[in-house]
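# Geometric and topological summary
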Number of protein chains: 2
Amino acid sequence: MKFGRLNHVGVATPSIERSLETYRTLFGAEPSSPPFDLPAQGVRVCFVDAPNSQIELIEPLGADSPVAKFIEKNPQGGQHHVCFEVDDIEAARAHFEGIGTRILGPTRIGAHGTPIFFLHPKDTGGTLTEIMESPSQSH
Amino acid sequence: MKFGRLNHVGVATPSIERSLETYRTLFGAEPSSPPFDLPAQGVRVCFVDAPNSQIELIEPLGADSPVAKFIEKNPQGGQHHVCFEVDDIEAARAHFEGIGTRILGPTRIGAHGTPIFFLHPKDTGGTLTEIMESPSQSH
């Protein structure tokens, strides 16, 4: 296991449109592509590129969204997760299972089209952590 | 204003030593240098390098630390702030003042030895945001 690229920081928001306006005004930042829905994850998503990484804006898609509770507690939104890349998602999952790290749900396809899973924040020092197969490694 | 590098994600922790053990076990990650105190900020700090960015572990230095309240609310720790680089800290401050973004305190020297300031999370969509002059630009 080596420490992979920080692919993105996930930032929850009640409104992607309003967040994009904030990023535009504050930082002159534009989305890398239009927002899109990920119904399987219950979220609407939009990426904003920094030169070396990305901010992933995530808005709840319906009241059952896993992000809906976060927005209830943090009506303004805020930092939701960090995402690190790995070369091989299956090897990474086996590693975390082997050391007893709790994994939230099955491995599934994430916003970048590669397999992902989430580690429980109680096993990572309080930070919800997404593990994502690098786009360059995916096959 | 252009959107600068994501220099680091700040992660608050009740114990840098314990967090380093977690990063080692989970990710095979090691600190880039030993932890050090920043008494002016009321924090003890340690950086862990990802290939493209960094995690800044921050531990409260005494009960008056601005991070102490965060740890009270989140005893395990968790994501605390994001930090973006700018070429010119004075120009950046003037920009944010000009558009009415609330700035927390004076410009001061941060953990990387360059000038920094923080933007109020209420003006950034809920994310405490550090603005940092790039080490390469500093003079």
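Looking at an unreviewed UniProt entry, chain A carries the name Methylmalonyl-CoA epimerase, with the source organism given as Sphingomonas kaistensis. Within the UniProt record for chain A, the comment given under Sequence similarities (unreviewed entry) is "Belongs to the methylmalonyl-CoA epimerase family."

Right, let's talk about the side chain of Thr-124 of chain A for a bit. If you trace the backbone, Thr-124 of chain A turns up in the loop between strand S7 (115-119) and strand S8 (129-133). Looking at Thr-124 of chain A, the relative accessible area reads 5%, which means it is buried. Within the local environment of Thr-124 of chain A, its side chain forms a polar contact with the backbone oxygen of Thr-127 of chain A, the two atoms lying 2.4 Å apart. Those residues within four positions of Thr-124 of chain A in sequence are excluded, and the remaining contacts are Leu-119 and Thr-129 of chain A together with Thr-22 and Leu-26 of chain B.

Turning our attention to the state of the cysteines. Residues and elements named next belong to chain A. Tallied over the entire structure, the rule returns zero disulfides over all chains. There is no disulfide at Cys-46, and the cysteine sulfur nearest it, in Cys-83, is 16 Å away. With a relative accessible area of 0%, Cys-46 lands in the buried category.

Attention shifts here to the relation of the copies chain B and chain A. Between the two copies of the chain lies a relationship made up of a rotation around an axis and a movement along it. Its rotation angle being 180°, the transformation that places chain B on chain A also includes 0.0 Å of axial translation and leaves an RMSD of 0.0 Å. What the rotation and shift describe, once combined, is the action of a two-fold rotation axis. Residue by residue, 98% of the interface of chain B is reproduced at the interface of chain A, so both copies engage with the same surface.

Thresholds applied
- Each residue is numbered by its place in its chain's sequence as written, counting from 1.
- As they are written, the chains are lettered A onward and the ligands numbered 1 onward, keeping that order.
- pLDDT decides what is reported in this predicted model: residues at 70 or higher carry local features, side-chain atom pairs at 80 or more are listed and counted, and totals for whole chains, interfaces and linings draw on all residues regardless.
- With hydrogens and water set aside, each side-chain value is computed from the structure's full complement of heavy atoms.
- UniProt positions are given in the numbering used here, feature names are shortened, and annotations may be inferred rather than shown by experiment.
- Think of it this way: any DSSP run of H or I at least four residues long counts as a helix, any run of E at least two long counts as a strand, and we number them from the N terminus.
- Each residue is assigned to one of three classes by its accessible area relative to the maximum for its type, calculated with a 1.4 Å probe on protein chains only: buried under 20%, partly exposed between the two thresholds, exposed over 50%.
- Polar contact is the term for a pair of N or O atoms within 3.5 Å; when the atoms are in protein, one must be able to donate a hydrogen and the other to accept it, and sequence-neighboring residues count only if both atoms are side-chain atoms.
- Here, residues are in contact when the closest pair of their heavy atoms is within 4.5 Å.
- The disulfide criterion is simple: two cysteine sulfur atoms within 2.5 Å.
- A residue counts toward the fit only if its pLDDT is at least 70 in both copies, and the copies are then superposed by least squares on the C-alpha atoms of those residues.

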